Amino acid sequence: MSINQLCLAKGNEDKTVAETDPQKLFICANTLNRAAVVVTLAMSIVFLFSGIGKLLSVPFFHVPFSVMNLPTGFGYFIGVIEVLGAIGIGWREYRVLSATVLLSVMMGAIYYHFNYETTLSALPALSLSALLFLIIKLDETVDRLVRFQRQLVDMKAAF
């Protein structure tokens, strides 16, 4: 069963099936939570390796900063931000903030690739930016589903 069939299929009274059936709502919330975990873990790994590469002075990671005539310390600063962001998106409380900060770093990477390299070289940075947006949106959606699910449980307990 696909996520669209599970979470977005229309039931009676023009509501989704997940809104009317608490069991399907629970499954939908768990499925979206697992998707968020997989995307978040993948992004954490990417940014952790990139940040560690900058902190360990791997030349590949410092070339863009020298091409843009930025100080060497700026590369280390971005490395620290990437490592902290990679750790931060692993914690639910800091996920949206960390993804937003990493998104600002990715805007700089996109700027570099569009202005100093070929347009196609910006595809990885654009893809990572899209996944960061996805992390933010999944976090909001899962949070909303969990709150709605708790309301349903509270309503059932009242009866």
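Residues numbered from 1 in each chain as written. Predicted model: local features only at pLDDT ≥ 70, side-chain atom pairs only at ≥ 80, totals over all residues. Heavy atoms only, no water.

By the naming in an unreviewed UniProt entry, the chain is DoxX family protein, taken from Shewanella mangrovisoli. Listed in UniProt under the heading Subcellular location (unreviewed entry), the comment for the chain reads: "Membrane". (UniProt positions renumbered as here; feature names shortened; annotations may be inferred.)

Caption draft 1: View of the overall build of the chain. In terms of helices and strands, the chain carries seven helices and zero strands. Traced from its N-terminal end to its C-terminal end, the chain shows the element sequence α-α-α-α-α-α-α. With an accessible surface of roughly 9900 Å², the chain has 68% of that area assigned to carbon and sulfur atoms. (Helix = DSSP H or I, 4+ residues; strand = E, 2+ residues; numbered from the N terminus. Areas by Shrake-Rupley, 256 points an atom, 1.4 Å probe, with all protein chains shown as cover.)

Caption draft 2: A look at the pattern of salt bridges. This structure, assessed with the given rule, holds four salt bridges. In this structure, the salt-bridge partner of lysine 54 is glutamate 82, at a minimum N-O distance of 3.1 Å. With lysine 54 in helix H3 (residues 22–55) and glutamate 82 in helix H5 (residues 72–88), this pair connects stretches of sequence that are 28 residues apart. Each of Arg92, Arg95 and Asp139 takes part in salt bridges that share partners, so that together they form one network. (Salt bridge = Lys/Arg side-chain N within 4 Å of Asp/Glu carboxyl O.)

Caption draft 3: Spotlight on H5. End to end, H5 covers 25 Å across 17 residues, agreeing with the expected 24 Å (1.5 Å per residue, within 8%). Among the residues of H5, those classed as buried are Gly75, Ile78, Gly79, Ile81, Glu82, Val83, Gly85, Ala86 and Gly88. (Expected span 1.5 Å × (residues − 1). Buried < 20%, exposed > 50% of the residue type's maximum accessible area, 1.4 Å probe, protein only.)

Caption draft 4: Seen up close, the UniProt feature "transmembrane region" (unreviewed entry) in the chain. According to UniProt, the "transmembrane region" (unreviewed entry) feature falls on residues 32–53, 73–91, 96–114 and 120–138. Secondary structure content for residues 32–53 is 100% helix and 0% strand, while the C-alpha to C-alpha distance between its ends is 32 Å. In this annotation, residues 73–91 is assigned 84% helix and 0% strand; the end-to-end C-alpha distance for the span is 28 Å.

Caption draft 5: Quick peek at the packing of aromatic side chains. Enumeration according to the criterion identifies six aromatic pairs in this entry. For the ring pair tryptophan 91 and tyrosine 94, a centre distance of 6.2 Å and an interplane angle of 65 degrees mean the geometry is edge-to-face. Residue classification places tyrosine 94 among the partly exposed positions, given a relative accessible area of 44%. With a centroid separation of 6.4 Å and 75 degrees between ring planes, the pair formed by tyrosine 111 and tyrosine 116 is classed as edge-to-face. By relative accessible area, which is 47% here, tyrosine 111 ends up partly exposed. We classify tyrosine 116 as partly exposed; its relative accessible area is 38%. What links up through ring pairs into an aromatic cluster is the set Phe65, Phe74 and Phe77. (Phe/Tyr/Trp six-rings, centres within 6.5 Å; stacked < 30°, edge-to-face > 60°.)

Caption draft 6: Up close: the packing of H5 against helix H6 (residues 95–116). Across the interface, H5 lies against H6 with an axial gap of 8 Å and an inter-helix angle of 150 degrees. It follows that H5 is roughly antiparallel to H6 by the angle criterion. Crossing of H5 over H6 shows left-handed handedness. Contact residues: H5 offers Ile78, Ile81, Glu82, Gly85, Ala86 and Gly88, while H6 offers Arg95, Ser98, Val101, Leu102 and Val105. (Axes fitted to C-alpha atoms, helices over the stretch in contact; angles between N-to-C directions. Parallel < 35°, antiparallel > 145°, perpendicular 65-115°, else oblique. Left-handed = near helix turned anticlockwise from the far one by under 90°. Contact = heavy atoms within 4.5 Å.)

Caption draft 7: Summary view of the nonpolar core. Among the nonpolar cores identified, the biggest contains 15 residues, and Met43, Phe47, Ile89, Ala99, Met106, Leu132 and Ile135 are the most heavily contacted of them. Counting nine residues, the second-largest nonpolar core is a separate cluster that includes Leu25, Val142, Leu145 and Leu152. (Core = buried A, V, L, I, M, F, W, Y, C linked by side-chain atoms within 4.5 Å.)

Caption draft 8: The side chain of arginine 95, seen in detail. Mapped onto the fold, arginine 95 is located in helix H6. With residues near it in sequence (within four places) discarded, arginine 95 still touches Thr40, Gly88, Ile89, Gly90, Ile135 and Asp139.

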